[in-house]
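Results of the structural survey
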Number of protein chains: 2
Amino acid sequence: MKIDRNAPVGVFDSGVGGLTVAREIMRNLPSEKIVYFGDTARVPYGSKSKETIIRYSRQIIRFLQGQQVKAIVVACNTASAFALEEIRNELDIPILGVIEPGARVAAQETKNKRVGVIGTVGTVGTGIHEDYLRRLDQEITVIGKACPLFVPLVEEGWLHDPVTIEVASRYLRELQEKEIDTLILGCTHYPLLRSVIRQVMGDDVRLVNPAYETALELGRLLKEENLLSAGKEQEEFPYRFYVSDLAEKFKDFANSILPYDVEMTQKIDIERF
Amino acid sequence: MKIDRNAPVGVFDSGVGGLTVAREIMRNLPSEKIVYFGDTARVPYGSKSKETIIRYSRQIIRFLQGQQVKAIVVACNTASAFALEEIRNELDIPILGVIEPGARVAAQETKNKRVGVIGTVGTVGTGIHEDYLRRLDQEITVIGKACPLFVPLVEEGWLHDPVTIEVASRYLRELQEKEIDTLILGCTHYPLLRSVIRQVMGDDVRLVNPAYETALELGRLLKEENLLSAGKEQEEFPYRFYVSDLAEKFKDFANSILPYDVEMTQKIDIERF
């Protein structure tokens, strides 16, 4: 199959969190067009089963393939952890997730070989970061901690609140006691809590944001496959956004975090795919 | 159509919360059989659109009709607020929600005619409690407050935690300032936070738990329609539980709150209905 190098990149997430990944792709690969899908009718993914997340991911990939994307970024840690290996072989276009790029940088950055990972119950439960990190360096010890209240706190907008600091102190205590020197923010919402996490963990712990690393990895992958776009100048909507619910609310949130005026947001019925 | 009075009652919710309603039906109508459905693959409902919640509710009702239920209880405040009026006319069996029974008791109980309602963003946003209460008594003032962190705090198990007390103090301050004397717990999870809410609001505020009122209302309705069951003794599984995800986890939770040993829990693909 011949893939069109000027086709858009497909990016998907359970909701708005993956916009932090889309933002890094916009910044670092400005010639690339993007079709984004946020599964706002079924969000969150972090507390659901592997089987369900694989089914949801397959539906979304069928939708993105209908949009003629040239590559797919799974911009959701839970879907990357549960579904990526399953679906990779079903596709004839490149696909990448957010776990591996984050793990690779953490392995490079850690000095004391003690790496922490925070994420949803689903992501942390898989132990997938440990698998990747140990493959890169057998001496690395990984300490995972699920932080289920972080996403609701972000969605409530309590980004610098005393309650959030108290919750973070509680969740992160174990990671401090185990003296990690590197912490992977293993959920796309968590970079929005970076200042609270920094305050609790102190300046000596390196925080890894997989969104940025994933954008760089996408660039390398597209280059390798000779799929880098020649440009997006002629497109009316170089960035298109689809959701399964609440398109207007999504648009407002997207406009608050993207360096770009989001105009084209549309609701689709994802269960039909 | 002739309805079989010995058929089970269908009860549904976005997840586990509606079990607090099922529990009251078990206690107050011990002769009734129950088919419960929890939409654990798409939970929560409280932050999603009316249109989506109506679509989900229709799918669940189609499933319950396939189970030959004689009546349906919408044991979810958000689905009651968004979908009940829409779907009531599409059915030839009785259906009731949790909003009206709670509102009726609150109207009876309030002395100063100032009633508070707490619930999800979706439920509180509809203003449906106010509609019911004002229909019963035009002099009643209703003060609604969405409490989005309460469900995640319950699911984290922080039922008596200082963080939960702080969050509750923040959410409930406005209701205290407006001097309500009656508070409707307008989300099926909230009765599990009753002691924290009691601590913050003080002993003079009457807390209304719609689960109990709904069970009583169901009894009256079945009696009126001559649909009270003759008994459930011969049934192997008088209470059957279906979910759209994580059947085992659901079973554990159900067993922790129901006065009955939950044996029959099965996962179904609700999107196919």
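Below is a short write-up of the structure. The residue count restarts for each chain, going from 1 along the sequence in the order it is written. For naming, the first written chain is A and the first written ligand is 1, with later ones following in the order written. Given that the model is predicted, a residue must reach a pLDDT of at least 70 before its local features are reported, and side-chain atom pairs must reach 80 or more before they are shown or counted; all residues, however, enter totals for whole chains, interfaces and linings. Heavy atoms throughout the structure, all of them, feed into the side-chain values; hydrogens and water do not.

**Some details on the sheet that holds strand β8 (residues 206-208) of chain A**
Residue and element names in this part refer to chain A.
- Any two strands with at least two DSSP bridges between them are considered paired. A run of H or I in DSSP counts as a helix once it spans at least four residues, and a run of E counts as a strand once it spans at least two, with each numbered from the N terminus. Strand order in the open sheet made by the four strands is β6-β5-β7-β8, with parallel pairing throughout. Whereas interior strands pair on both sides, the edge strands pair on one side only; in this sheet they are β6 (141-146) and β8. Across the sheet, the mean angle from the axis of one strand to that of its neighbour is 20 degrees, orientation sign disregarded.
- Packed on one face of the sheet, helix α8 (residues 162-177) meets β5 (114-119), β6 and β7 (182-185) and runs near 170 degrees to β6. Angles here are taken between N-to-C directions and fall from 0 to 180 degrees, while the axes themselves are lines fitted to C-alpha atoms, restricted in helices to the stretch in contact. The criterion used for residue contact is that any of the two residues' heavy atoms lie within 4.5 Å.

**Observations concerning the side chain of Thr188 of chain A**
Residues and elements named next belong to chain A.
- Examined against the element boundaries, Thr188 turns out to sit in the loop between β7 and α9 (194-201).
- On the basis of relative accessible area, Thr188 is assigned to the buried category, the value being 8%.
- Contacts of Thr188, omitting those with residues within four sequence positions, involve Asp13, Gly17, Gly18, Thr20, Val21, Ala75 and Asn77. Here the term buried applies to any residue with accessible area under 20% of the maximum for its type, exposed to any over 50%, and partly exposed to those in between, with areas from a 1.4 Å probe on protein chains only.

**So, the sheet that holds strand β9 (residues 239-243) of chain B**
All names here are of chain B.
- Strand order in this open sheet of six strands is β4-β3-β1-β2-β9-β10, and the pairing throughout is parallel. Since the sheet does not close on itself, it has two edges, and those belong to β4 (95-97) and β10 (265-267), each with one partner. Between one strand axis and the next, the sheet turns through 20 degrees on average, direction left out of account.
- Of the pairings in the sheet, the one linking β9 to β10 comprises three bridges and is parallel in character. Within β10, the position partnered with Phe241 by the bridge is Thr265.
- Of the strands in this sheet, β1 (9-13), β2 (34-38), β3 (71-74) and β9 are in contact with helix α1 (residues 19-28), which crosses β2 at around 170 degrees.

**Remarks on the interface of chain B and chain A**
- Of the residues lining the interface, 32 residues belong to chain B; the matching set on chain A comes to 32 residues.
- Two parts lose some accessible area (1.4 Å probe) when they are put together, and adding that loss for both gives the buried area. Around 2,500 Å² of area is buried between chain B and chain A when both sides are counted, 49% of it from carbon and sulfur atoms.
- The largest contributions to the chain B side of the interface with chain A come from Leu149, Arg170 and Glu271 of chain B, which together make up 21% of the buried area.
- In what follows, salt bridge is the name for a side-chain nitrogen of Lys or Arg lying within 4 Å of a carboxyl oxygen of Asp or Glu. Applying the counting criterion to the chain B and chain A interface returns ten salt bridges.
- The shortest N-O distance in the salt bridge between Arg170 of chain B and Asp161 of chain A comes to 2.8 Å.
- Pairs of N or O atoms are called polar contacts if they sit within 3.5 Å, as long as, within protein, a hydrogen donor faces a hydrogen acceptor (for residues adjacent in sequence, only side-chain-to-side-chain pairs). At the boundary of chain B with chain A, the tally comes to 20 residue pairs in polar contact (both at pLDDT 80 or more).
- Breaking the side of chain B that touches chain A down by element, the ones donating at least two residues are α2 (50-66), α7 (150-156) and α8 (162-177) of chain B.

**Describing the relation of the copies chain B and chain A**
- C-alpha atoms of residues with pLDDT of at least 70 in both copies form the basis for the least-squares superposition of the copies. Of the transformation superimposing chain B on chain A, the axial component is 0.0 Å and the angular component is 180 degrees, with the fit at an RMSD of 0.0 Å. The operation mapping one copy onto its partner corresponds to a two-fold rotation axis. In terms of C-alpha distance to the rotation axis, chain B has Arg42 of chain B as its closest residue, with the C-alpha 2.4 Å off the axis.
- Comparing interface residues between copies, 100% of those in chain B also sit at the interface in chain A, which points to an isologous, same-surface contact.

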